[in-house]
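So you can see what is in the structure, the chains are spelled out below.
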Amino acid sequence: MTRIRGLIVFLVVLLAPACVWAQEPRPHAILVLDQAESRGPFYDLLFSGLRDVVVGHTHSNVTLYGENLDLSRFGGQAYEQNLKRFLHEKYQDKPIGAVVAIGGASLECALRWREELWPGIPIVFAMVDELDFARLKPPPDVTGVIVKTPLADSIRVARAVVPGLDTVAIVGDPWDRVVVFRSWVDEIATAAAGLKVITIVGEKMSDVRKRVADLPEHSAIIYSSIYSDGEGTFLLPRTAVGLIAETANRPIVVAAETFLSPGGLGGYVIVPSVIGADAAKIALRILDGERAENIPPASGGVKPIFNWEQMQRWNVSESNLPAGSEIRFREPGLWDKYRWQSITAIAVLLLQAGLIAVLLRERRKRHGAEIESRHRMSELAHVNRSATAGELSSSLAHELNQPLGSILTNAETAELILGSQSPDLDEVREILADIRRDDQRASEVIRRLRSFTKRTMFETKDVDVNELMREVFDFLSVQASARNVALYLKASPEAVRIKGDPIQLQQVIINLIVNSMDAMTAIPYGRTVIGRAELNGGKSALISISDSGPGIPVDKLAQVFDPFFTTKEQGMGIGLSIARSIIQAHQGRIWAENQTEGGAVFHLSLPLSAG
């Protein structure tokens, strides 16, 4: 029987209505009372943080009301009675689930008015410091977020940013009008122990600006808030910071986020969006049925934040700041500007790394194949040069015979003169000069031939196109004369320099000129070959070899550079194919066309030297 009774009691307790443990869900409406006025950025950020949390509430829709009490500018019993009457008339038919009081003065009014305006409705406070919370002694169903902004924190920041700090200047409104930092006046004696304290409190803005412009070297300014210029004009505390910063000769330590951008250096600052968000979270817990007295007050909404621009102005090192400090207004680096682009690029590079690793081997193989191909091309080009030299052998022999014959004749003449009884030594000197000249001419012919026929690997160097063509035309002049062909060189009036292998480029031009002379064999007279060198738009060199022959059959134009294609009875068909390979190895282009006035023309386009 006893066990049955115990079981019944346990079930009753377990199945008891939820209201025994938590209050029923309240009306989903929040009334926000802010002690400041609505024009300032601080309120905008605070209300935005609160609204964002309320709007994001997923359980149900919540109505949000907001009132700005403007207690920083207005006060007194009559003003308070008018406010209370206004709120009663405005919200008497609106069910309110929770009142959110922003600031100590706002909380104080809400506590006095609650019995008459919102009986039994929980109050959530925010931006209330420890001293105000202790002074007001709110009942258990009043909870919220306590903001800790002791003067000691601001002085600790001042010591960190000003080496050898010996003086602090506290700037703000009269202490009885400061709504957030009112407790600082009681902390000065202990927080600023060992420092000289200059109080610039309750003065005209014009006088404040003068005084902060003449502070001692090892000092810092600690700003609370100023709402008036002292001459009848209302100021936002944020605007007042900017006015002070314009003339201040020392850094300004501030305790609110909105004081940073006008000129505050920074400090342990109140972050209004966090305050609003924290207050909204507690209010929503209450609307959802949690009892206010079961939610203990917490601390939050303050963090060390600093202004990078002011740090640079006052030469403050980031390493001297409190741990966990956030830096605002820093000029973003490349990583910050292009972080996602950089991450994407890195990801792409990592993906490509695998492909690159696979392709490296193929690249090495290809590189080896290119070297082998160039070697084979050089070998084939050498064979072609040797064959061309064979074709030119008769003219080369004739070109050598002329200077050698002259040398022999001059030597015999010199012997006769020297054998006479009175030799004419002046004439002998002239003969010796002729012998030297003819010897140099023969040596030059041999040098050209050796240079043309020697076996060399592909090697690029700086080449003067005008000089290159001049040497070729001189080299072929004897053969052209023997074949009754007139050679004309029209060099460029400007310097035309390219990077290339001069021997192989000469081989190409020689092949083209010899082909042109071969093509004019059947022409009885008027055989001409014209070479031109010119700049092509400042980016490439253009070499042209034209002749007065019959031209190239139109249906054969596309085949003239194919291997083993030839129109000669004894030709091998590799000369033009080798020429194309050499030009392509020089990153150039070669093509052929017929001239309108008759004859064929071959064009070479080669990139200019970068130097």
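Values in this document were obtained by computation on a predicted structure and should not be read as measured data. (Residues numbered from 1 in each chain as written. Predicted model: local features only at pLDDT ≥ 70, side-chain atom pairs only at ≥ 80, totals over all residues. Heavy atoms only, no water.)

1. Quick word on the packing of aromatic side chains
Working definition: an aromatic ring pair is given by the centre-to-centre distance plus the angle between the planes.
So, step 1. If you walk through the whole model with that rule in mind, you get eight aromatic pairs.
So, step 2. When the centroid spacing of 5.4 Å and the interplanar angle of 45° are considered together, the rings of Phe125 and Phe133 count as tilted.
So, step 3. Above the face of the Trp308 ring, Arg330 is positioned so that its terminal group lies 4.5 Å from the ring centre.
So, step 4. For Arg589, the ring lying beneath its charged end belongs to Trp591, and the centroid distance is 3.9 Å. (Phe/Tyr/Trp six-rings, centres within 6.5 Å; stacked < 30°, edge-to-face > 60°. Lys NZ or Arg CZ within 6 Å of the ring centre and 35° of its normal.)

2. What about helix 3 (residues 77-91)?
So, step 1. Its 15 residues place the ends of helix 3 21 Å apart at the C-alpha level, agreeing with the 21 Å of an ideal helix rising 1.5 Å per residue.
So, step 2. Of all the residues in helix 3, the buried ones are Glu80, Leu83, Lys84, Leu87 and Tyr91. Angular distribution of buried residues about the axis of helix 3 spans 95°; they occupy a single face of the element.
So, step 3. Next to the buried residues of helix 3 lie strand 1 (29-34), strand 2 (63-68) and helix 4 (104-117). (Helix = DSSP H or I, 4+ residues; strand = E, 2+ residues; numbered from the N terminus. Expected span 1.5 Å × (residues − 1). Buried < 20%, exposed > 50% of the residue type's maximum accessible area, 1.4 Å probe, protein only. Arc of directions from axis to C-beta. Contact = heavy atoms within 4.5 Å.)

3. What about the sheet that holds strand 1?
So, step 1. Pairing within the open sheet is parallel, and its six strands lie in the order 2-1-3-4-5-11. With partners counted over all chains shown, the strands left at the sheet margins are strand 2 and strand 11 (298-299), one partner each.
So, step 2. For strand 4 (residues 123-128) and strand 5 (residues 142-146), the ladder comprises four bridges, and the chain directions are parallel. Bridge pairing links Val124 to Thr143 in strand 5. (Pairing = 2+ DSSP bridges.)

4. Remarks on unusual backbone geometry
So, step 1. One non-glycine residue, Asn315, lies in the positive phi region at around 55°.
So, step 2. The residue Asn315 is located in the loop between helix 11 (308-313) and strand 13 (326-328) in this model.
So, step 3. Taking relative accessible area as the criterion, Asn315 reaches 72% and is therefore assigned exposed.
So, step 4. The backbone of Gln587 sits at a positive phi, close to 60°, despite the residue not being glycine.
So, step 5. Position of Gln587 among the secondary structure elements: in the loop between helix 19 (575-585) and strand 19 (589-594).
So, step 6. Judged by its relative accessible area of 64%, Gln587 falls in the exposed class.

5. A short note on the nonpolar core
So, step 1. Membership of the largest hydrophobic core comes to 84 residues, with the highest contact counts inside it found for Ile30, Val100, Val171, Val212, Tyr223 and Ile244.
So, step 2. No other element matches the nine residues that helix 10 (residues 272-287) contributes to this core.
So, step 3. Setting aside residues up to four positions removed in sequence, Val171 forms contacts with Ile200, Val208, Val212, Ile221, Ile222, Tyr223, Ser224, Ser225, Ile226 and Ile244.
So, step 4. In this structure, Val496, Ile498, Val508 and Phe561 belong to the second largest nonpolar core, which totals 42 residues. (Core = buried A, V, L, I, M, F, W, Y, C linked by side-chain atoms within 4.5 Å.)

6. Some points on the environment of Gly172
So, step 1. With respect to the element layout, Gly172 can be found in strand 6 (residues 167-172).
So, step 2. As for Gly172 and Glu203, which are separated by 31 residues in sequence, their C-alpha atoms are 8.3 Å apart.
So, step 3. Once you skip the residues sitting within four places of it in the chain, Gly172 turns out to touch Ile200, Val201, Gly202, Ser224, Ser225 and Ile226.

7. Here we look at the confidence of the model for the protein chain
So, step 1. Taken over all residues, the pLDDT of the protein chain has a mean of 83, while the share at 70 or more is 83%.
So, step 2. Taken together, the stretch residues 1-23 has pLDDT below 50 and engages in nine contacts with residues farther than four places along the chain or on a different chain. (pLDDT = per-residue confidence, 0-100.)

8. Let's talk about the sheet that holds strand 19
The pairing of strands in a sheet happens through backbone hydrogen bonds and is either parallel or antiparallel.
So, step 1. Read from one edge of the open sheet, five strands run 15-17-18-20-19, paired in mixed fashion. For this open sheet the edge positions go to strand 15 (486-490) and strand 19, each flanked by a neighbour on one side alone. This sheet shows a mean twist of 15° between the axes of neighbouring strands, independent of strand direction.
So, step 2. In this structure, strand 18 (residues 540-547) lies alongside strand 20 (residues 600-607), joined through seven bridges in antiparallel fashion. Among the inter-strand pairings, Ile543 is bridged to a residue of strand 20, identified as Leu604.
So, step 3. Sheet contacts for helix 19: strand 19 and strand 20; angle to strand 19, the most-contacted strand, approximately 135°. (Axes fitted to C-alpha atoms, helices over the stretch in contact; angles between N-to-C directions.)

9. Notes on the pattern of salt bridges
So, step 1. Enumeration over the complete set of coordinates arrives at 21 salt bridges.
So, step 2. Between Arg112 and Glu108 there is a salt bridge; the shortest N-O distance is 3.4 Å. With Arg112 and Glu108 both in helix 4 and four residues apart, the pair spans about one turn of that helix.
So, step 3. Residue class for Glu108 comes out partly exposed when judged on its relative accessible area of 26%.
So, step 4. One salt bridge connects Arg291 with Glu293, and the closest N-O pair in it is separated by 2.7 Å. (Salt bridge = Lys/Arg side-chain N within 4 Å of Asp/Glu carboxyl O.)

10. Re the packing of helix 8 (residues 205-212) against helix 9 (residues 237-247)
So, step 1. As a packed pair, helix 8 and helix 9 sit with axes 8 Å apart at the nearest point and diverge in direction by 40°. Judged by the angle between their axes, helix 8 and helix 9 are oblique. Between helix 8 and helix 9 lies a crossing of right-handed hand. Here Met205, Val208, Arg209 and Val212 of helix 8 lie close against helix 9, whose contacting residues are Ala240, Leu243, Ile244, Glu246 and Thr247.
So, step 2. Considered class by class, the residues forming the contact of helix 8 with helix 9 number six nonpolar, one polar and two charged. (Parallel < 35°, antiparallel > 145°, perpendicular 65-115°, else oblique. Left-handed = near helix turned anticlockwise from the far one by under 90°. Nonpolar A, V, L, I, M, F, W, Y, C, P; charged D, E, K, R; others polar.)

11. Brief notes about the packing of helix 2 (residues 41-55) against helix 10
So, step 1. One way to put it is that helix 2 packs onto helix 10 with a least axis distance of 7 Å and a crossing angle of 35°. Handedness of the helix 2/helix 10 crossing: right-handed. On helix 10, the residues touching Phe42, Leu45, Leu46, Gly49, Leu50, Val53 and Val54 of helix 2 are Pro272, Ser273, Ile275, Gly276, Ala277, Ala280, Lys281 and Leu284.
So, step 2. When grouped by side-chain class, the residues that make up the contact of helix 2 with helix 10 number 11 nonpolar, three polar and one charged.

12. Details of the pairing of strand 10 (residues 266-270)
So, step 1. Where burial is concerned, most of strand 10 is hidden: four out of the five residues are buried.
So, step 2. Strand direction decides the pairing type here: strand 10 and strand 12 (residues 302-307), joined by five bridges, are antiparallel. Its bridge partner being in strand 12, Gly266 is matched across the sheet by Phe306.

13. Section: helix 7 (residues 184-191)
So, step 1. Among all positions of helix 7, only Trp184, Glu187, Ile188 and Ala191 are buried. Buried residues of helix 7, viewed axially, fall in a sector of 130°; they line one side. Exposed and facing more than 90 degrees away from the buried side of helix 7 are Asp186, Ala189 and Thr190.
So, step 2. Elements that come into contact with the buried residues of helix 7 comprise helix 6 (151-161), strand 6, strand 7 (196-201) and strand 8 (219-223).

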